[in-house]
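Summary of the model geometry
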Amino acid sequence: MTAPAWHDVAADTDVTEGDVIGRIAADRQLAIYRLSDGVYATDAICTHGNASLCGGFIEDDGSIECPLHQGRFDIRSGRALCEPLEQDLAVHPVRVQGGRVWVLV
Ligand code: FES
């Protein structure tokens, strides 16, 4: 397994508040979000099934709702918030620098 590295995944302007975009870095599918307090990154694939959270809905409380069975994860922590989810989602550190969004993967 290789050590985590910072990956340039998007222009800062690509990530708009209330939206989620998909990117791939280090062979991993990522979901990138902008909330009121910053930009966040999680794994894009739901821990319950094979659904991409990039097709999900961001709620006002900072959670993402899976489009398949409506499980919700806290975007900031990855915590699974309700059934049918049993496993938290991986979150990845983000920094915004030079107009670009970087994710540690
Ligand atoms: Fe996401 Fe079932 S696949 S809640």
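Definitions and cut-offs
Residues numbered from 1 in each chain as written. Predicted model: local features only at pLDDT ≥ 70, side-chain atom pairs only at ≥ 80, totals over all residues. Heavy atoms only, no water. Helix = DSSP H or I, 4+ residues; strand = E, 2+ residues; numbered from the N terminus. Rg over C-alpha atoms; globule rule 2.2 N^0.38 Å. Buried < 20%, exposed > 50% of the residue type's maximum accessible area, 1.4 Å probe, protein only. Lys, Arg positive; Asp, Glu negative; His and termini not counted. Charge placed at Lys NZ, Arg CZ, Asp CG, Glu CD. Polar contact = N/O pair within 3.5 Å; in protein donor to acceptor, adjacent residues only side chain to side chain. Contact = heavy atoms within 4.5 Å. Pairing = 2+ DSSP bridges. Axes fitted to C-alpha atoms, helices over the stretch in contact; angles between N-to-C directions. Phe/Tyr/Trp six-rings, centres within 6.5 Å; stacked < 30°, edge-to-face > 60°. Lys NZ or Arg CZ within 6 Å of the ring centre and 35° of its normal.

**Focus: the overall build of the protein chain**
- Within the protein chain one finds zero helices and 10 strands.
- Overall, the protein chain shows an N-to-C arrangement of helices and strands of β-β-β-β-β-β-β-β-β-β.
- The C-alpha radius of gyration computed for the protein chain amounts to 13 Å, which stays within 12% of the reference 13 Å derived for 105 residues, consistent with globular compactness.
- Counting only C-alpha atoms, the protein chain reaches 40 × 35 × 20 Å along its principal axes.
- Within the span of the protein chain, comprising 105 residues, buried residues form 37% of the whole.
- Side chains of the protein chain give 8 positive and 16 negative charges; the mean places of these two sets differ by 6 Å.

**Digging into unusual backbone geometry**
- Residue Pro84 follows Glu83 across a cis peptide bond; omega there is 10°.
- Within the element layout of this structure, Pro84 appears in the loop between strand S7 (72-74) and strand S8 (91-92).

**Details of the side chain of Arg34**
- Its location among the elements puts Arg34 in strand S3 (residues 28-35).
- In terms of polar contacts, Arg34 uses its side chain to reach the side chain of Asp12, at 2.5 Å.
- Those residues in contact with Arg34 that lie beyond four places of it in its chain are Asp12, Val15, Thr16, Glu17, Gly18, Asp19 and Val39.

**A few points about the sheet that holds strand S9 (residues 94-97)**
- Spatial strand order, S1-S10-S9: three strands in an open sheet with antiparallel pairing. Of all strands in the sheet, those with a lone pairing partner are strand S1 (6-11) and S9, marking the two edges. Averaged over all neighbouring strand pairs, the angle between strand axes comes to 30°, with direction disregarded.
- Pairing geometry for S1 and strand S10 (residues 100-104), over five bridges, is antiparallel. Within S10, the residue paired with Trp6 across the bridge is Leu104.

**Details of the packing of aromatic side chains**
- A full pass over the atoms with the stated rule returns zero aromatic pairs.
- When the ring centre of Trp6 is taken as origin, the NZ or CZ atom of Arg95, which lies over that ring, is 4.3 Å away.

**Here's the deal with the environment of Gln29**
- Its place among the elements puts Gln29 in strand S3.
- Put simply, Gln29 and Thr42 are 13 residues apart on the chain and 8.8 Å apart in space, counted from C-alpha to C-alpha.
- The contact partners of Gln29, leaving out residues within four places of it in the chain, are Arg23, Ile24, Thr42, Asp43, Ala44 and Ile45.

**Overview of the pairing of S10**
- Going residue by residue along S10, you find Val101 and Val103 tucked away on one face and Arg100, Trp102 and Leu104 left uncovered on the opposite face.
- Alignment of S9 against S10, held across four bridges, turns out to be antiparallel. The residue bridging Gln97 from the neighbouring strand is Arg100, located in S10.
- What sits between the antiparallel neighbours S9 and S10 is a turn of two residues, in which Gly98 has the positive phi angle 60°.

**Comments concerning the environment of Val91**
- Its place among the elements puts Val91 in strand S8.
- Separated by 47 residues in the primary sequence, Val91 and Ala44 place their C-alpha atoms 9.7 Å from one another.
- With residues up to four places along the chain from it excluded, the contact list for Val91 reads Ala41, Thr42, Ile75, Arg76, Ser77 and Gly78.

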